[in-house]
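# Reading the structure
Residue-level listing of the chains:
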Amino acid sequence: MKRIIVKTAAIMLILAVVIACGKEKENKSSLQGTKWKLSGYVDVSTGNMIDAEPANCERCYTLTFDTETTASGYSVFNLISVSLVSETIFSVDTEMDDSLNGNVTLFYKAIETVDSYKYEDAELKFFYNNKQNYLLYKLIQS
């Protein structure tokens, strides 16, 4: 009888660990509370990437998700918003001229035509230009 109780307890403990690990993995796949930084502009057909500039700016081109579907962040000077449930995915919330800073003009042209996104592991891709290119964001804080 003691063996059956010990075996049952061991099986229940193993199941609890498996369930707990599964829940932890689910939480890591959530966008809420994560922070991202633009790495660059990728050509889908060639895989070539143009790096986001200015590269030494810590807050430039960052996004922080406050919910699973909404984020806010910065271009270089301007505040931007992202909504993953609306037709207009990116919007610029302020209007400061930051066109002399790096390739920010490329960023603004790209976000005008973003029409879809893909989220895998530590990469967030926003497709634009009829899915010929994407903005590659990398996870910097989860």
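Report on the accompanying structure. These numbers come from a predicted model, not from an experiment.

Criteria and cut-off values
Residues numbered from 1 in each chain as written. Predicted model: local features only at pLDDT ≥ 70, side-chain atom pairs only at ≥ 80, totals over all residues. Heavy atoms only, no water. Helix = DSSP H or I, 4+ residues; strand = E, 2+ residues; numbered from the N terminus. Buried < 20%, exposed > 50% of the residue type's maximum accessible area, 1.4 Å probe, protein only. Areas by Shrake-Rupley, 256 points an atom, 1.4 Å probe, with all protein chains shown as cover. Core = buried A, V, L, I, M, F, W, Y, C linked by side-chain atoms within 4.5 Å. Contact = heavy atoms within 4.5 Å. Phe/Tyr/Trp six-rings, centres within 6.5 Å; stacked < 30°, edge-to-face > 60°. Lys NZ or Arg CZ within 6 Å of the ring centre and 35° of its normal. Salt bridge = Lys/Arg side-chain N within 4 Å of Asp/Glu carboxyl O.

### Details of the overall build of the protein
When helices and strands are tallied, the protein shows 2 helices and 9 strands. Counted from the first residue to the last, the protein has its helices and strands arranged as α-β-β-β-β-β-β-α-β-β-β. Buried positions account for 33% of the 142 residues belonging to the protein. When the accessible surface of the protein is split by element, carbon and sulfur atoms take 56% of a total near 9,200 Å².

### Details of the nonpolar core
In terms of nonpolar packing, the biggest core is built from 28 residues, with Tyr-61, Leu-63, Phe-90, Phe-107, Phe-126, Leu-135 and Tyr-137 touching the most fellow members. If you tally residues by element for this core, the top one is helix H2 (residues 104–112), at 5 residues. Excluding anything up to four places from it in sequence, Tyr-137 contacts Trp-36, Lys-37, Leu-38, Ser-39, Tyr-61, Leu-63, Phe-90, Phe-107, Ala-122, Glu-123, Leu-124 and Phe-126.

### Considerations on the packing of aromatic side chains
For any pair of aromatic rings, the description consists of the separation of the ring centres together with the inter-plane angle of the planes. Tallied over the entire structure, the rule returns 8 aromatic pairs. Taken together through their ring pairs, the aromatic side chains of Tyr-61, Phe-90, Phe-107, Tyr-108, Tyr-117, Phe-126 and Tyr-137 make up a single cluster. The side chain of Arg-59 reaches across the aromatic face of Tyr-74, ending 3.9 Å from its centre.

### A few points about the pattern of salt bridges
Throughout the structure, instances matching the rule amount to 3 salt bridges. Residue Lys-118 pairs with Glu-120 through a salt bridge whose shortest N-O separation is 3.6 Å. Classification of Lys-118 as partly exposed rests on a relative accessible area of 38%. A salt bridge links Glu-123 to Lys-138; the nearest nitrogen and oxygen atoms lie 3.4 Å apart.

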